[in-house]
Every structure is written in C-alpha cells, then in structure tokens.
Amino acid sequence: MAVPKIWRKIPEYYNLIGKLCPECNAKFFPKRTVCKNCGCTRMQDYKFEGKGKIVTYTIIRTSMSDPEQEINEQAARNIPYALAIIKLKEGPMLTAQIIDCGDSELNIGKKVKKVFRKILENGPSGVIQYGYKFKIDK
Ligand SMILES: [Zn+2]
C-alpha cells in the first residue's frame, strides 16, 4: 500500500473503526457505505473494542513474494508467524497476525485482543507503517 493511502487510513487501522447500521444494528469491519442486511445508507462510524476469538489460524513459514525486494527480506526475517481469522466480539471477522505466543498457546476459540504494532518498515525511506495485530488475551 502506498504511503499516502496508509496515512489516510491510519485512524481505521489504529483503532479498528468500522460502521454501525442505525436501522438494524449490524456492525461491519472494514467500513462499508451501505448496510449489507437492510440497505441503509446512513452508516455511522463504530469503534470496535478489539477483543475476539480465533476462528482458525495458520503458521506462515515462507515469505510472500513481492516485487520490492526489501519488503521480501523483511518478511523473511519475520517467519514463521501465525496468521489468524478472528471473530470480533461484536460480530465481524478479520485476518490478523497473532504475536507474542508459542505454538502451544494457539488454539481455535482462544480469546485474543488487539495490540498496536509496527507492520512494515519501508527500507531507506524509513517510513514505518503501523497497524493492528492481536495477542492472546490472558
Ligand atoms: Zn442495517
């Protein structure tokens, strides 16, 4: 993702801000302009608490290929890592990295909470991109 886009999206990425439908109370993450349930277009910002449960997970043991070599190397330094589908308490699901946990702690149904972490450092330009990751909620 290009830097300007990241900056525009920072509040959402930092704070898990999605949308709440004032008609049917459905909550969405990421944001959407029209409610999927009832078609309402008066969607309101909604901040998710950042707590949820692991629906499923996988351990990534190879880095993804990327045309920007520096990102490749960075990804390679971070493997293996755990990537999980998380169902937030409020309902929506998202994919995020689970950090600071051993293989034995990772389980389907395990409670997790959002933490704020560096996602990517953009090499020589020194731009650091932040976002959400999750850790086991003890
Ligand atoms: Zn609705």
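Refer to the preceding data block for the structure.
Every value quoted in this text rests on a predicted model; they were computed, and no experiment measured them. Positions within a chain are numbered from 1, following the residues in the order the chain's sequence is written. It should be noted that, the model being predicted, local features are given only for residues of pLDDT at least 70 and side-chain atom pairs only at 80 or more, the latter also being counted only at that level, while totals for whole chains, interfaces and linings use all residues.

**A few points about the nonpolar core**
Thought 1: Leu16, Phe48, Ile54, Ala82, Ala84, Ile86, Leu88, Ala96, Ile98, Val112, Tyr132 and Phe134 together form the largest nonpolar core, which totals 12 residues.
Thought 2: Strands are runs of DSSP state E lasting at least two residues, helices are runs of H or I lasting at least four, and both sets are numbered from the N terminus onward. Counting residues per element, the ones that place at least two in this core are strand S5 (81-88), strand S6 (93-99) and strand S8 (127-136).
Thought 3: By residue number, the principal contributor to this core is S5, which donates 4 residues.
Thought 4: For Ile86, the residues in contact, after removing those within four places along its chain, are Gly52, Lys53, Ile54, Val55, Met93, Leu94, Ala96, Val112 and Phe134. Each nonpolar core reported here comprises buried Ala, Val, Leu, Ile, Met, Phe, Trp, Tyr and Cys residues connected via C-beta atoms within 7 Å. Counting other C-beta atoms within 10 Å of each residue's C-beta, where C-beta atoms are placed from the backbone, gives the exposure class: buried for 20 or more, exposed for 12 or fewer, partly exposed between. Two residues form a contact once the distance between their C-beta atoms, set from the backbone, is within 7 Å.

**A few points about the sheet that holds strand S2 (residues 27-28)**
Thought 1: Strand pairing is assigned whenever DSSP detects at least two bridges linking the two strands. The strand order across the open sheet formed by 3 strands is S2-S1-S3, and the pairing between neighbours is antiparallel. Since the sheet does not close on itself, it has two edges, and those belong to S2 and strand S3 (44-47), each with one partner.
Thought 2: In the sheet, strand S1 (residues 17-20) pairs with S3 via 4 bridges, with the strands oriented antiparallel. Bridge assignment links Lys19 to a residue of S3, and that residue is Asp45.

**Brief notes about unusual backbone geometry**
Thought 1: In this model, Phe29 is joined to Pro30 through a cis peptide bond whose omega is 0°.
Thought 2: Residue placement: Pro30 occurs in the loop between S2 and S3.
Thought 3: Positive phi, normally seen in glycine, also occurs at Leu16, with a value near 50°.
Thought 4: A count of 22 C-beta atoms within 10 Å places Leu16 in the buried class.
Thought 5: Look at Asp100: it is not a glycine, yet its phi comes out positive at around 55°.
Thought 6: Note on placement: Asp100 falls in the loop between S6 and strand S7 (111-122).
Thought 7: Asp100 gets classed as exposed once you count the C-beta atoms within 10 Å, which come to 11.

**Here's the deal with the environment of Gln97**
Thought 1: Structurally, Gln97 is set in strand S6.
Thought 2: Overall, the presence of 18 C-beta atoms within 10 Å leaves Gln97 in the partly exposed class.
Thought 3: Separated by 37 residues in sequence, Gln97 and Ile60 place their C-alpha atoms 9.8 Å apart.
Thought 4: What Gln97 contacts, discounting residues up to four positions off in sequence, is Tyr81, Ala82, Leu83 and Lys133.

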